[in-house]
Structure formats: structure tokens, C-alpha cells
Amino acid sequence: MFTLKSVLYDDRIEKWQIREEPVYHHILIFVTGGKVIYQVKEEVIELHDGDVLFIPSGTIRSCRNDPKGPHQKYSAHFTATGEAESALDVLREHGVFKWRMHNANYFRQRFSMLLMQWFDQAQGGHLICQGILLELVGRLIHDARHKHSSAVKKDLINRLQNYIVHNHCKPIQLSDLARHIDRSPNHVTRIFKEMLGQTPIDFIHQVKVSVACELLKSGGMTIAEISDHLGYCEQSYFHRIFKKFTGVAPTAVQKGHSIAFVPLPGLSAAARKEAAKKRN
């Protein structure tokens, strides 16, 4: 349960500042104009129009106007108990949580209604206030979880890409990728399609074909040797895969035929560098 303690609206207050001190309640801040500067420990946080900041209770912070002029912002001070308090964990995972709202106009309207209901004090008004606060915090928690989820997926896809680059000479299976990140094969496939727009098997082949193109151009190995080097059991299968991704046969590349082939789509710079090392 959330319990509101106060709702404020700062409307371009000249020389506004708060010295360094702990906050005694959770604070949800939404900036609607100008710029305001917060400092938490050694971190300086600049908030602009449309930015939201959640400050957990007990945080030591200071804040002030930007030197260019005062700002406008809403702030809700509240406490939380039970499941509501636990739900805030995703916001205070790294101390304070800053976010830029995608639907800032709607967020502004709801905060404005919260302020009006807070000052109205009509019968049932506190329930309306609690409902609006739940919605505002709920939307922020939803975005925070999405942000965290995206970061996790990005880390997983980078680990998978690096694994493929480091092992491109082996016959990599989907089960190998799943074991590498301790996920199911279906989960690996979903991550690849979501993050790179392709299957992991296609990505594996693209890495191998990229390496094959470089080896064919260098002229130091035969097609059979390259096929074996890249972990293909049959040379005919290597031919089919190579033509699928380049549009030409390996012999054409040996003869200098140009191909419209993006070597490693979606591969990070670090992974491309590692692939180059493997080829040398």
C-alpha cells in the first residue's frame, strides 16, 4: 500500500535549492519545464522536461536550479508497505532511478490531477490520490522492468555472439549455445529473433561464411580444406550454405567475383575483432 504524505508543484521558483540531507519518504519527481540538478553521492543528475526521477527514502541528496534559470516540476512524497514496498525494488536497484517518459503529456495530466485531488480534500479524495499514485508508480516500474529486461537480453546476445566467434571452427549446435548461457534452446532462439531478427543457426552460418570469404580470397587453402576447417562435415553442404548467404559458389570468390554480402550482421565490434584474430 502507498500512503501519500504530500504533493507539490514547483513553478519556476527563483534561487530554489535544497542542501544535502536525507529524504524521509520516497519521492517521485516529474519535470515539466526548464532543468533541475540533483546530486546523489558523487553522481550529478540533470532532469529536463519529461524526465522522471524516483528517490528512495533514506537517500542523501541535494538539488538546485540550473544556472540558466528556474524549473517546473511535480513531486509526490509517499511511504509504502507490504507488496507495494517490495515492488519498488526494481527502481532502487541502483540507488535512484531516472527515466524519460514516452507519454509525457499523459503523465503530466495524471500528476496534475493528483495535485488537484490532494488539495481538494473532498470525501473519497484520498482514495483517488492513492489510485493515481499507484498508476504513476506502476507505469514507472513497468518501464524499469522493461529496461532491465532489455539490458539482460543484450548481455546474453553478446555472450552468444562471442561464443560463436570463438568457436566458429566447430560444428556448433543450438544446445551448445543454450548450455553456454544456461537457458533453454527455445529461449536462445527467441533472443536471437528479438535482438538480431534472425535465427541462431543462420547467424552461425553467416559467421562461418564470412570467415570462408576471407580464406577464399587469401588463396592459402582449398575449398575442401576451408569446409573442413569451419566444421562442415560435407563439402557439398558447405557449398549450399555458402551460396545461400552469398548468392555465388565458393569457386566464384576464388576467381575474384564480387559479392553483396554483409559479413557479420549484428555482430559487435569486439566480436568482429575477435573473428579477425581467429583468421590470422
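Residues numbered from 1 in each chain as written. Predicted model: local features only at pLDDT ≥ 70, side-chain atom pairs only at ≥ 80, totals over all residues. Heavy atoms only, no water.

Moving on, we come to the sheet that holds strand β1 (residues 2-11). If you walk across this open sheet you meet the five strands as β1-β8-β3-β6-β9, and the pairing is antiparallel. Only two strands of the sheet have a single partner each, and these edge strands are β1 and β9 (97-100). On average, each strand axis in the sheet is tilted by 15 degrees relative to the strand beside it, whichever way the strands run. Taken together, the nine bridges between β1 and strand β8 (residues 72-80) define a ladder with antiparallel strand orientation. Its bridge partner lying in β8, T3 is registered against T79. Contacts from helix α2 (residues 104-120) reach β1, β3 (26-33), β6 (51-55) and β8, with the element oriented near 110 degrees to β1. Relative to the sheet, helix α3 (residues 125-166) contacts β1, β3, β6, β8 and β9, its axis offset from that of β9 by approximately 90 degrees. (Pairing = 2+ DSSP bridges. Helix = DSSP H or I, 4+ residues; strand = E, 2+ residues; numbered from the N terminus. Axes fitted to C-alpha atoms, helices over the stretch in contact; angles between N-to-C directions. Contact = heavy atoms within 4.5 Å.)

Pairing in this open sheet of four strands is antiparallel, and the strands run β2-β7-β4-β5 from one edge to the other. The open sheet has two edge strands, β2 (17-22) and β5 (43-48), and neither has a second partner. If you compare each strand with its neighbour and ignore which way they point, the axes differ by 15 degrees on average. Examined bridge by bridge, β2 and strand β7 (residues 60-65) share four bridges and lie antiparallel to one another. Bridge pairing links I18 to C63 in β7.

This part takes up the confidence of the model for the protein chain. Taken residue by residue, the protein chain gives an average pLDDT of 88. The fraction at 70 or more is 92%. Every residue in residues 265-272 scores below 50 in pLDDT, and together they form 14 contacts with partners more than four places removed in sequence or on other chains. (pLDDT = per-residue confidence, 0-100.)

Looking now at the packing of aromatic side chains. Counting across every chain of the model gives 12 aromatic pairs. With centroids separated by 6.4 Å and ring planes inclined at 5 degrees, the aromatic side chains of F30 and F111 adopt a geometry described as stacked. A residue pair is termed long-range when its members are at least 10 positions apart, and F30 in strand β3 and F111 in helix α2 qualify at 81 residues. Exposure remark for F30: the relative accessible area of 0% places this residue in the buried category. Overall, the relative accessible area of 0% leaves F111 in the buried class. Relative to F203, the ring of F192 lies with its centre 5.7 Å away and its plane at 55 degrees, an arrangement referred to as tilted. One end of the pair, F192, is in helix α5 (residues 185-196); the other, F203, is in helix α6 (residues 200-218), and 11 residues separate them in sequence. Here F192 and F203 have matching classes, each one buried. (Phe/Tyr/Trp six-rings, centres within 6.5 Å; stacked < 30°, edge-to-face > 60°. Buried < 20%, exposed > 50% of the residue type's maximum accessible area, 1.4 Å probe, protein only.)

The buried fraction of β6 is high, at five of five residues. The side-chain alternation of β6 yields two buried faces, one formed by D51, L53 and I55 and the other by V52 and F54. In terms of strand pairing, β3 meets β6 through four bridges, oriented antiparallel. Within β6, the residue paired with I29 across the bridge is L53. Sheet analysis places β6 next to β9, joined by four bridges and oriented antiparallel. Across the sheet, the residue bridging to D51 is R100, located in β9.

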